[in-house]
Amino acid sequence: MCPRTHRVALGKWKNKMMKFETFKKIIDEGTEKGLKAINLNNFGESFFNKKLVEMIEYAKSKGVLDVMLHTNGTVMDEILAERIINSGLDRIIFSLDSITKEIYEKIRIGAKFEDTIKNVKMFYKVREKICKYKPVIRVSMVRMKENDHEANKFEKFWGPYADEVTYTDYRNQDGLDTADRYTKFKKENKSYSCPALWQRLTVNATGEVTACCRDAGKRLTLGKIDEKNKSLTNIWNGDKLKESRIMHENKQAYLIDACNGCDHIRGHILPKK
């Protein structure tokens, strides 16, 4: 677990897995409307879902071109690795953040550095053994004060076991983190207009649909879907999302509570006291 896990800080999340029937409903409706890409995670670890392989296979069978997921790499064995590789998954992103035991275990609370390294290397070797070129393996670091000095060595360390090594900047969504981890100052930008409202929806495990994958507080919840109820199309075309888009177009996104918690708008967000 990461020390800045927003789902824990807000206390609004239950440890639940999306039902397979709900997932099928989402994919069926989405592909009818031209859905071509999905990311199988949000505020949680995808590999805890026992139906994960079946979900990937179902999405691919329905014509989804790009099926990807993020994982912390802690839940893995060789049998599962081979099933994931053979499922048709297009991309897997391992969020690792450090190459040293002390810093890694400080950032990824509860994870064991040696075990995670072994799992990621094993996944790469299994893919090579069965002669597959997918999923594309990406290793990612969130650059923050604790690990920024490792950035150059991070690429060298993971390069032999990944197709891509990437970096993202730390973000303190809603100021929920208890420490200031930014590596560089972010300016306020109240005129920011986010493209996500025209690109995607986020469906949480319990079926709640939000406009943004970073909305840990579920403040811009657009509706709820399960295997029986609600249409994603109606949510996508609904008044709540339309109103939010208009506010972004008019450079008034900061008036939306969920959006004003984003450092794209607020800039450098200091920890709440």
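K.L.:
For the sheet that holds strand β2 (residues 66-71), give the residues involved together with the corresponding values.
P.N.:
The strand order β1-β2-β3-β4-β5 describes an open sheet built from five strands, whose pairing is parallel. Edge strands, defined here as strands with exactly one partner in the open sheet, are β1 (37-39) and β5 (164-169). Going from strand to strand, the sheet's axes swing by 20° on average, the running direction of each strand aside. Both β2 and strand β3 (residues 91-95) contribute to a ladder of four bridges, which runs parallel.

K.L.:
Just give me the short version of the pairing of β3, but keep the residues and values in it.
P.N.:
Of all five residues that make up β3, four are buried, and the element is covered over most of its length. Read as a crossover between parallel neighbours, the route from β2 over helix α4 (residues 78-86) to β3 is right-handed. Pairing of β3 with strand β4 (residues 136-143), which is carried by five bridges, proceeds in the parallel orientation. Bridged to Arg 91 within β4 is Val 136.

Calculation criteria
- Residues numbered from 1 in each chain as written.
- Predicted model: local features only at pLDDT ≥ 70, side-chain atom pairs only at ≥ 80, totals over all residues.
- Heavy atoms only, no water.
- Pairing = 2+ DSSP bridges.
- Helix = DSSP H or I, 4+ residues; strand = E, 2+ residues; numbered from the N terminus.
- Axes fitted to C-alpha atoms, helices over the stretch in contact; angles between N-to-C directions.
- Buried < 20%, exposed > 50% of the residue type's maximum accessible area, 1.4 Å probe, protein only.
- Right-handed = clockwise from strand over helix to strand, strands pointing away.

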